[in-house]
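Each chain, letter by letter, is given below.
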Amino acid sequence: MEANPCEPRYYEMLEQLQILDFALVELNLYLDTHPDDLRSIQQFNQLTHERTRLAKQFQELYGPLQNFGRAYSKCPWEWNQPPWPWQV
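A quick note: this is a predicted structure, and the numbers were derived from the prediction, not measured.

Scoring rules and cut-offs
- Residues numbered from 1 in each chain as written.
- Predicted model: local features only at pLDDT ≥ 70, side-chain atom pairs only at ≥ 80, totals over all residues.
- Heavy atoms only, no water.
- Helix = DSSP H or I, 4+ residues; strand = E, 2+ residues; numbered from the N terminus.
- Expected span 1.5 Å × (residues − 1).
- Buried < 20%, exposed > 50% of the residue type's maximum accessible area, 1.4 Å probe, protein only.
- Contact = heavy atoms within 4.5 Å.
- Core = buried A, V, L, I, M, F, W, Y, C linked by side-chain atoms within 4.5 Å.

1. Points about helix α1 (residues 8-33)
Thought 1: The end-to-end C-alpha separation of α1 is 39 Å, in line with the 38 Å expected for 26 residues at 1.5 Å each.
Thought 2: Those residues of α1 that fall on the buried side of the exposure criterion are Tyr10, Met13, Leu14, Leu17, Leu20, Leu24, Leu27 and Leu31.
Thought 3: Where α1 is buried, its residues touch α2 (38-62).

If you want it as structure tokens, here you go:
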């Protein structure tokens, strides 16, 4: 049975991904001006690992987060199945 995109877990996982994305963007900007900050690099790498794991889990349950080769698809093609992540 396929997961329902209207269930609370869908929104919880999507929100967690958004939180991780925000933190990664902020760390990326910080590291642009502080490239030798080992602690921040380690935090960036840890959050990247966590985001990759969560995105994989989300996509297995609910379909792709991004198009153009950034996410796998089941058969039939999932990209045209709403809701898309930016619609919720």
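Having seen the structure, we can now continue with the description.
2. Examining the nonpolar core
Thought 1: Among the nonpolar cores identified, the biggest contains 13 residues, and Leu17, Phe58 and Leu65 are the most heavily contacted of them.
Thought 2: The set of elements that each furnish at least two residues to this core consists of α1 and α2.
Thought 3: Ranked by the residues each element gives to this core, the list is headed by α1, at seven residues.

Read these as layout, nothing more, since geometry by itself doesn't imply function.
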